[in-house]
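Okay, here's what each chain looks like letter by letter:
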Amino acid sequence: MTPRGLLARGAAALTAACALVLLAPAGASAHPLGNFTVNRYDGLIAAPGRLGVDHVEDLAEIPATQAGPDVERLGPAEWARRRCERAALDSRLTVDGRGVALTVRHSGVRVRPGQAGLDTLRLECRFTAPLPDSAPVRVGFRASGASAGPGWREITARGDRTTLTASDVPEESASRELTRYPQESLSSPADTASASLRVRPGGPALDRDRQDAPAASVLPRGADRWTRALDSLVARRHLTLGFAALALVVAVALGAGHALAPGHGKTLMAATAAARGGGARLKDVLPMAASVTVTHTLGVVALGVLVTAGSAATPSVVAWLGVAGGALVTLAGASLVRRALRNRGHGRTHAHGHHHDHDHGHGHDHPHEHGPHTHT
């Protein structure tokens, strides 16, 4: 890639990262599985004499942004064809233990609006491979991208005028072929990378009129009127001085609102102030606030750099950054607990018994006479 192209990709990636961070509270709906994910579905259809594979990839905002320069350079059709060919080569199909090549019969890509004015991509491929049509066979399939980063991986299998006498994958897609992810499964997404089938000839024809929602019927994410208006404002490419000033004001306002949202180190800052007691001053809390600001900004810059480099390890690096951040917060919390325990030890009251002898050097006694007290 030329330096100019790399610079353009870097600017786009950094803009994408900043937009996703700043506009997240604005009401736009992010990808259900996260902005970094590439989610995959493979639907196996065993028919007389052949096996069909419907391969689908749902690229969230960040990987779609990374693919953007290649899509623009090659054109959507050629980009989809090449990506489908790579997926077919990366997939593994065996029939009775013998490897069989998959052939790409169809390829296409759809662009769908995502979060913060960014697009997502939906790649659709159709693979085929020959099957014996006169005897039962064992079919093994391993999907492409099985060792890729985080995301949804799903495989289904059905028979068309054949019968699946054994299968370790379901017939119906829980995500409706990556068009509607079940909310109850988002915390532990499907991770099926292989399938094993036994197929014999004969059986009912496949019902093509399934109730699965087609991809085109999926509403754009963040489709409310105000969010889409803000997205279109962010996505503008022709800038004027007035627009730049307005964008700066909007960015400051969004950043301030984002900082007021839960998190962002406010718990640590409050704990630091509480540890100082009533004598907490601005200089006690300001270093912690500054560190939160700097690390938050550097995190966005690091995200942009990783996306610019096109690193496939971006999701893993981000995950490890989260682990490192959690470790730092744990250390800070342990330090505050230690300080609180030390202050508690210093604040304990100590009882001191003092015996005082009062020597009156007057040489005489002081008698005290107490008269009777009459209580009426």
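Note: the structure precedes this text.
Residues numbered from 1 in each chain as written. Predicted model: local features only at pLDDT ≥ 70, side-chain atom pairs only at ≥ 80, totals over all residues. Heavy atoms only, no water.

Engineer: Explanation requested: the overall build of the chain in the structure shown.
Structural biologist: Of the regular secondary structure elements, the chain holds 8 helices and 10 strands. Nonlocal contacts in the chain, meaning residues at least 24 apart in sequence, comprise 75% of its contacts between residues at least 6 apart. Of the roughly 22500 Å² of accessible surface on the chain, 60% is carried by carbon and sulfur atoms. (Helix = DSSP H or I, 4+ residues; strand = E, 2+ residues; numbered from the N terminus. Contact = heavy atoms within 4.5 Å. Areas by Shrake-Rupley, 256 points an atom, 1.4 Å probe, with all protein chains shown as cover.)

Engineer: I'm lost on the state of the cysteines in this one. Help?
Structural biologist: Put plainly, two cysteines are in a disulfide when a covalent bond ties their sulfur atoms together. In total, this model carries 1 disulfide according to the counting rule given. Linked covalently through their sulfurs, cysteine 84 and cysteine 125 form a disulfide whose S-S length is 1.9 Å. When the S-S torsion is -80°, as for the bridge of cysteine 84 with cysteine 125, the disulfide is left-handed. A residue pair is termed long-range when its members are at least 10 positions apart, and cysteine 84 in helix α3 (residues 76-90) and cysteine 125 in strand β6 (residues 119-130) qualify at 41 residues. (Disulfide = S-S within 2.5 Å.)

Engineer: I keep staring at the sheet that holds strand β2 (residues 50-59) and nothing clicks. Help me out?
Structural biologist: Within a beta sheet, neighbouring strands are joined by backbone hydrogen bonds and run either parallel or antiparallel to one another. Here we have 5 strands laid out as an open sheet, ordered β5-β6-β2-β1-β8, and mixed in their pairing. If you trace the sheet from one side to the other, it starts and ends with β5 (103-113) and β8 (153-159), each paired once. In this sheet, adjacent strand axes meet at a mean angle of 15° when their direction is disregarded. In this structure, β5 lies alongside β6, joined through 10 bridges in antiparallel fashion. Bridge assignment links valine 111 to a residue of β6, and that residue is leucine 121. Packed on one face of the sheet, helix α2 (residues 61-74) meets β1 (38-47), β2 and β6 and runs near 75° to β6. Strands in contact with α3 are β1, β2, β5 and β6; relative to β5, the strand with the most contacts, it is inclined by about 125°. (Pairing = 2+ DSSP bridges. Axes fitted to C-alpha atoms, helices over the stretch in contact; angles between N-to-C directions.)

Engineer: Can you help me understand the pattern of salt bridges in this one?
Structural biologist: Once their charged atoms are close, side chains differing in charge can pair, the charge on each being opposite to the other. This model, assessed by the stated rule, comprises 11 salt bridges. Measuring nitrogen to oxygen at the nearest pair gives 2.8 Å for the salt bridge that ties glutamate 57 to arginine 83. One end of the pair, glutamate 57, is in strand β2; the other, arginine 83, is in helix α3, with 26 residues separating them in the sequence. Since its relative accessible area comes to 17%, arginine 83 is described here as buried. With a closest N to O distance of 3.3 Å, arginine 112 and aspartate 58 form a salt bridge. In this pair, arginine 112 is assigned in strand β5 and aspartate 58 in strand β2, connecting sequence segments 54 residues apart. There is no split in this pair, since arginine 112 and aspartate 58 are both buried. Each member of the salt-bridge network shares a partner with another, and the members are Glu78, Arg81, Arg82 and Glu85. (Salt bridge = Lys/Arg side-chain N within 4 Å of Asp/Glu carboxyl O. Buried < 20%, exposed > 50% of the residue type's maximum accessible area, 1.4 Å probe, protein only.)

Engineer: What's the story with the packing of aromatic side chains in this structure? I'm lost.
Structural biologist: Where two aromatic rings form a pair, the distance of their centres and the angle of their planes describe that pair. Scanning the model with the defined rule gives 1 aromatic pair in all. Centroid distance tryptophan 152 to tyrosine 181: 5.5 Å. Interplanar angle 70°. Geometry classified as edge-to-face. Of this pair, tryptophan 152 sits in the loop between β7 (137-142) and β8 while tyrosine 181 sits in the loop between β9 (162-167) and β10 (194-201), and the two are 29 residues apart along the sequence. As far as the burial class goes, tryptophan 152 and tyrosine 181 line up, both buried. (Phe/Tyr/Trp six-rings, centres within 6.5 Å; stacked < 30°, edge-to-face > 60°.)

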